[in-house]
Amino acid sequence: MKKIITLLAAVMLCIGAMAQTLNVATGNVTYKFPATQTGEMTYADGSTLTIMGKVFAIDEISGITIDNSAVADGTISVAYDGASAQVIVAGNIAKYVTPAVEGAHVSIAQSEDLAKEITYTLSGSSADGEFYTSGAYKATIELNGLNLTNATPVYSGAAVHVQNSKRIKVKVITGTTNWLTDASSGSQKGCLYIKGHAEFAQYGTLNVVGNVKHAIKTGEYCTIKNATLNVTSAVGDGISCNQYFLIESGNVNIEGTDDDGIQCDLEGTTSTGETTDHEDEDTGNIYLQGGNITINCPGIAAKGIKAAGDIFISGGNIDITTTGKGMWDTEDLETKAACGISADGNITISGGTSKMKSTGSGGKGMKCDGVLTVTDGTLDIVTTGALYYNNGTSENTNYTGNTDNVSSDNYSSPKGIKVGLKTQSGNSYTYSGGIDISGGTITVATSGRNAEGIESKNYINISGGHITVNAYDDGINSAQDMTISGGYIYSRAMNNDGLDANGNCYIKGGVVFAIGASSPEVAIDANSEEQKKLYVSGGTIVAIGGLESGASLTQACYQASQWSKNTWYALYDGDQLALAFHTPASGGSRLVLSTSGTTTLKSGVSVTDGTEYFGGEGNIGGTVSGGSSVSLSTYNNTGGGGGGGFRP
Amino acid sequence: MKNRLFTLLICLMGVLCTHAEDFTHLTFVTVDGEKVSMSIENLEISISGNTLTAGNQSFTLVNLSKMYFSSSDETTLLNELKSTDFDGAAHIFDLNGRKVNHDQMTSGVYVIKTKQGTYKLMVR
């Protein structure tokens, strides 16, 4: 059967290849009219020849030939060859286009009455060429082994400029590698500029350099399926678009950008909200559904991925590194810092693997002004940058002073995750945004001064997932209430509280291993200074550094008189191992424990098998051997450390 | 598999049908309605000034009305000529309107004006 199909296909190809075609050449442009379509070709007054509606001035025709070459309807091919380019136009669309060729600079204008899609196939190489097209009907651009540098612009500074507001499908032809480099000066918005919405497809590779602004700029939405897009450098963003950005599959590699890796803005002034199949959507949202994204942003205050709307991560592999320091924003009159992923709206993570590393002063891993929701997926965040200070006149990229009396506009703290907004009006504050974590795996490590691991400017609700935080400052901090009802949470603060709620802190369930610094910091803090309280009503709790005084302990808590560093302990709930944990090299002096049943503790145990948690600092389900029992006493919740105090 | 084969067959039929009209000539029509068919085999057409040259045939552009692909030689003759028709032939013109002598007639189409009438003559 396969042979028959192959034979039939071959026959079709042969027959197709035998098509009779009338070729009309006008300079470097050849119009190919299939003999079966031409009908009557009329002459008028010896001055014009009209074929299929295309009117040729007689004196522009450089030759007419007839051959058996084939041409597909609706196609235009542009073949670059050094300082020249050859354009071939299919006869059925000839009357709708006006090509112009100057050397290897090609412009093709579509007429307003065009009502069929044109496919432009670009191939070949030129060190001084460009492709410019304008029109008002959707089109396809095929990059079929194109190497194009626009050295001396004629129509635009872009290497490829599509002045068309409709859907533009960009097929990076499978098996080809393409290079685009725009002019070194000019006003072009991108090396590859598409005024409309761009849909990248096929499995080829496109390498882009943006010498003036962005590498890839689309005026409307941008979607990627299968293609590999490499931005090797850009003065602006790697990819900049409006409406929304969506990657379904493929590869995006961006490096050497002075600004953001991927940025999506609203096209209009008001968001439409997410629409069914994204029809007519203008949200500024970014949808990361699959594929591999690697971004290395060295720019000052640059973001790896930045959305004016929401960001949804449901699949794929994301690896972002930002290395730029902070800066003083002369418009907003405040400091701005680099960040791996940043959204003005919400961030929702339901899948995929996301790694973010920020090394610049004030740099953050992830930030959003709205709500961060994590239901699944993996997040791995590292920040190593120092505290950034700038008051508009002087800058310090390693500020070591106390920020308590410094306007928050004048410094940017490095943080693993920062969520929500706290705005002041007079003496009152408004809190918005928040964090909801019900699943997934989140790992955060920060080492710079003031660097909290996870911070919400409003509430935090944790009902599931695996969270491991090692932070310079607070491990997990909320400006309002923090509620833990499930999940596995490890939060270690080197210089502040392990868990710090500036409202009430509710622990109702889950496994919590919190480590605070020495007094006055604690492992688990609530804002008792403002009559807030820690409530413990459930869960398995290990708190090195103790609890905030005045806690409401519905579930009994116990304390050991001392604990040993770098030692494995086994915490039992009745006769069941609730958690085997490894103590850190430093931390607050108190060890407070709680389980839902009878709580006992062994020290110096060995643990084998089971499941590792908290980056290897915990184990559940393992086999415990050796060790000695530790004497526990009921925790006196009024005698704890003074608490971490109110540290935002 | 059957569906795929069926689709291919349909496509093949479509291609065959499309290709069924196999053209052999490009036929030029002058403003006075006369036709000159040229074989499209290796046919090249060039334009110089007000003259279009197709193969060995030249046309004055203002005298051309149209052209089209045809499946046969559609060259037209106004009347059947007899040898006596040349008796006293007053004028012989090529399609560019140039007056030529009898011995200058090479391959091509000519307009013969005689006392009996006007004829179109193709010299092969």
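Since the model is a prediction, treat every value here as computed from it, not as a measurement.

Chemist: It is not clear to me how the overall build of chain B should be interpreted in this structure. Could you clarify?
Modeler: When helices and strands are counted, chain B shows one helix and nine strands. Sequence-ordered secondary structure for chain B, helices as α and strands as β, is α-β-β-β-β-β-β-β-β-β. Here chain B holds 124 residues, and 38% of them are scored as buried. For chain B, the accessible area works out to roughly 7,200 Å², and carbon and sulfur atoms hold 52% of it.

Chemist: What's the story with the overall build of chain A in this structure? I'm lost.
Modeler: Tallying secondary structure elements over chain A gives two helices and 64 strands in all. In chain A, which comprises 648 residues, the proportion classed as buried is 56%. For chain A, the proportion of contacts with a sequence separation of at least 24, taken over those separated by at least 6, is 62%. Surface summary for chain A: the accessible area is close to 23,700 Å², and the carbon and sulfur share equals 45%. Taking the 37 positively charged and 62 negatively charged side chains of chain A as two groups, their mean positions are separated by 3 Å.

Chemist: Explanation requested: the sheet that holds strand β39 (residues 411-412) of chain A in the structure shown.
Modeler: In a beta sheet, neighbouring strands are held together by backbone hydrogen bonds and run either parallel or antiparallel to one another. All names here are of chain A. The antiparallel open sheet is built from three strands, whose spatial order is β38-β37-β39. Each of the sheet's edge strands pairs with one partner strand only, and the pair in question is β38 (395-396) and β39. Sheet topology note: the strand β37 (residues 388-390)/β39 ladder contains two bridges and is antiparallel. For Tyr388, the partnering residue across the bridge sits in β39 and is Ser412.

Chemist: Explain the packing of aromatic side chains to me, please; I cannot follow it from the model alone.
Modeler: Two numbers describe a pair of aromatic rings. These are the distance of the centres and the angle of the planes. Residue and element names in this part refer to chain A. Enumeration over the complete set of coordinates arrives at 19 aromatic pairs over all chains. Here the aromatic rings of Tyr221 and Tyr244 are separated by 4.7 Å at their centres, their planes lie at 15°, and the arrangement is stacked. Of this pair, Tyr221 sits in the loop between β20 (214-218) and β21 (222-224) while Tyr244 sits in strand β24 (residues 244-247), placing them 23 residues apart in sequence. The burial state of Tyr221 is the same as that of Tyr244; both residues are buried. Members of the aromatic cluster, connected to one another through ring pairs, are Tyr488, Tyr490, Phe513, Tyr569, Phe581, Tyr613 and Phe614. The side chain of Lys54 reaches across the aromatic face of Phe56, ending 5.9 Å from its centre. Seen from the ring of Tyr506, Lys508 lies directly overhead, with NZ or CZ sitting 5.6 Å from the centre.

Chemist: Can you help me understand the sheet that holds strand β3 (residues 41-44) of chain A in this one?
Modeler: The sheet built from six strands is open, its strands ordered β5(A)-β4(A)-β3(A)-β6(B)-β1(B)-β2(B) with antiparallel pairing. Two strands close off the open sheet at either side, each with one partner strand: β5 (54-57) of chain A together with β2 (35-39) of chain B. For this sheet the average axis-to-axis angle between neighbouring strands, irrespective of direction, equals 20°. Relative to β5(A), strand β4 (residues 48-51) of chain A is paired through four bridges, and the arrangement is antiparallel. What sits directly across from Thr48(A), in β5(A), is Ala57(A).

Chemist: What's the story with the pattern of salt bridges in this structure? I'm lost.
Modeler: Two side chains that carry opposite charge are able to pair once their charged atoms sit near each other. All names here are of chain A. This structure, assessed with the given rule, holds 13 salt bridges over all chains. Notably, a salt bridge pairs Arg167 with Glu117, separated by 2.8 Å at the nearest N-O pair. Taken together, the residues span a long stretch of sequence, with Arg167 in strand β15 (residues 167-172) and Glu117 in the loop between β10 (104-110) and β11 (118-126) at a distance of 50 residues. For Arg167, a relative accessible area of 17% puts it in the buried group. Members of the salt-bridge network, linked through shared partners, are Asp329, Asp332, Glu334 and Lys336.

Chemist: How do you make sense of the pairing of β5(A) when you look at a structure like this?
Modeler: Across a regular strand the side chains alternate sides, sitting on one face of the sheet and then on the other. Going residue by residue along β5(A), you find Lys54(A) and Phe56(A) tucked away on one face and Val55(A) and Ala57(A) left uncovered on the opposite face. Between β4(A) and β5(A), which pair antiparallel one after the other, the connecting turn spans two residues, and Met52(A) there sits at a positive phi close to 50°.

Chemist: Before we go on, may I ask you to explain the nonpolar core in this structure?
Modeler: Membership of the largest hydrophobic core comes to 146 residues, with the highest contact counts inside it found for Phe200(A), Phe245(A), Ile305(A), Ile524(A) and Phe28(B). Contacts of Phe245(A), omitting those with residues within four sequence positions, involve Cys222(A), Ile224(A), Ile239(A), Ile262(A), Cys264(A), Asn285(A), Ile286(A), Tyr287(A) and Leu288(A). One finds Val511(A), Val542(A), Trp563(A) and Phe614(A) within the second-largest nonpolar core, a separate group that totals 18 residues.

Chemist: Help me out: how do you make sense of the environment of Thr176(A) in this one?
Modeler: Residue and element names in this part refer to chain A. Residue placement: Thr176 occurs in the loop between β15 and β16 (177-181). A relative accessible area of 13% places Thr176 in the buried class. The residues contacting Thr176, other than those within four sequence positions of it, are Leu143, Asn144, Gly145, Gly204 and Thr205. Polar contacts involving the side chain of Thr176 include one to the main-chain carbonyl oxygen of Ile173, which spans 2.6 Å.

Chemist: Just to check I follow, could you spell out the pairing of β2(B) for this structure?
Modeler: Residues and elements named next belong to chain B. Pairing between strand β1 (residues 25-30) and β2: five bridges, direction antiparallel. Among the inter-strand pairings, His25 is bridged to a residue of β2, identified as Ser39. Turn length for the β1-β2 hairpin, with the two strands adjacent in sequence and antiparallel, is four residues, and the turn residue Gly33 shows positive phi of about 90°.

Chemist: Sorry if this is basic, but what is going on with unusual backbone geometry here?
Modeler: Residue and element names in this part refer to chain A. Residue Pro520 is bonded to the preceding Ser519 through a cis peptide linkage, with omega at 20°. Within the secondary structure layout, Pro520 lies in the loop between β49 (505-515) and β50 (524-525). The phi dihedral of Asp45 falls on the positive side, at around 55°, and the residue is not glycine. For Asp45, the location among the structural elements is in the loop between β3 and β4. Relative accessible area serves as the criterion here: at 70%, Asp45 is assigned to the exposed category. Even without glycine at this site, Gln202 takes up a positive phi of about 70°. On the secondary structure map, Gln202 appears in the loop between β18 (197-201) and β19 (205-210). Classification of Gln202 by relative accessible area gives partly exposed; the value is 25%.

Chemist: I would appreciate a short explanation of the side chain of Ser491(A) in the present structure.
Modeler: Residue and element names in this part refer to chain A. Note that Ser491 resides in strand β47 (residues 482-493). Of note is the side chain of Ser491, whose polar atom sits 3.3 Å from the backbone nitrogen of Ile476. A distance of 2.6 Å separates a polar atom in the side chain of Ser491 from the backbone oxygen of Gly498. Apart from residues lying up to four places away in sequence, Ser491 is in contact with Val469, Gly475, Ile476, Gly498, Leu499, Phe513, Ala514 and Ile515.

Chemist: Looking at this structure, how should I read the confidence of the model for chain B?
Modeler: A low pLDDT score tells you not to read the predicted coordinates there in detail. Residue and element names in this part refer to chain B. Mean pLDDT for chain B: 75, with 66% of residues reaching 70 or above. Of all the helices and strands in chain B, helix α1 (residues 2-19) carries the lowest mean pLDDT, 49, while strand β6 (residues 64-70) carries the highest, 96. Here residues 10-20 scores under 50 on pLDDT; set against residues more than four positions off or in separate chains, the count is 13 contacts. Across the predicted assembly, pTM comes out at 0.89 and ipTM at 0.76.

Chemist: Just to check I follow, could you spell out the confidence of the model for chain A for this structure?
Modeler: Residue and element names in this part refer to chain A. Taken residue by residue, chain A gives an average pLDDT of 94. The fraction at 70 or more is 96%. Note that residues 6-17 has pLDDT below 50 and, in this model, 16 contacts with residues that lie over four places away or in other chains. In this model, residues 639-648 is a region of pLDDT below 50 whose contacts with residues beyond four sequence positions or in other chains number 42 contacts.

Chemist: I keep staring at the environment of Gly290(A) and nothing clicks. Help me out?
Modeler: All names here are of chain A. Tracing the backbone shows Gly290 in the loop between β27 (285-288) and β28 (292-297). Sequence separation between Gly290 and Thr353 is 63 residues; the distance between their C-alpha atoms is 9.8 Å. For Gly290, the residues in contact, after removing those within four places along its chain, are Ile247, Glu248, Ser249, Gly315 and Gly316.

Conventions used here
Residues numbered from 1 in each chain as written. Chains lettered and ligands numbered in written order. Predicted model: local features only at pLDDT ≥ 70, side-chain atom pairs only at ≥ 80, totals over all residues. Heavy atoms only, no water. Helix = DSSP H or I, 4+ residues; strand = E, 2+ residues; numbered from the N terminus. Buried < 20%, exposed > 50% of the residue type's maximum accessible area, 1.4 Å probe, protein only. Areas by Shrake-Rupley, 256 points an atom, 1.4 Å probe, with all protein chains shown as cover. Contact = heavy atoms within 4.5 Å. Lys, Arg positive; Asp, Glu negative; His and termini not counted. Charge placed at Lys NZ, Arg CZ, Asp CG, Glu CD. Pairing = 2+ DSSP bridges. Phe/Tyr/Trp six-rings, centres within 6.5 Å; stacked < 30°, edge-to-face > 60°. Lys NZ or Arg CZ within 6 Å of the ring centre and 35° of its normal. Axes fitted to C-alpha atoms, helices over the stretch in contact; angles between N-to-C directions. Salt bridge = Lys/Arg side-chain N within 4 Å of Asp/Glu carboxyl O. Core = buried A, V, L, I, M, F, W, Y, C linked by side-chain atoms within 4.5 Å. Polar contact = N/O pair within 3.5 Å; in protein donor to acceptor, adjacent residues only side chain to side chain. pLDDT = per-residue confidence, 0-100.

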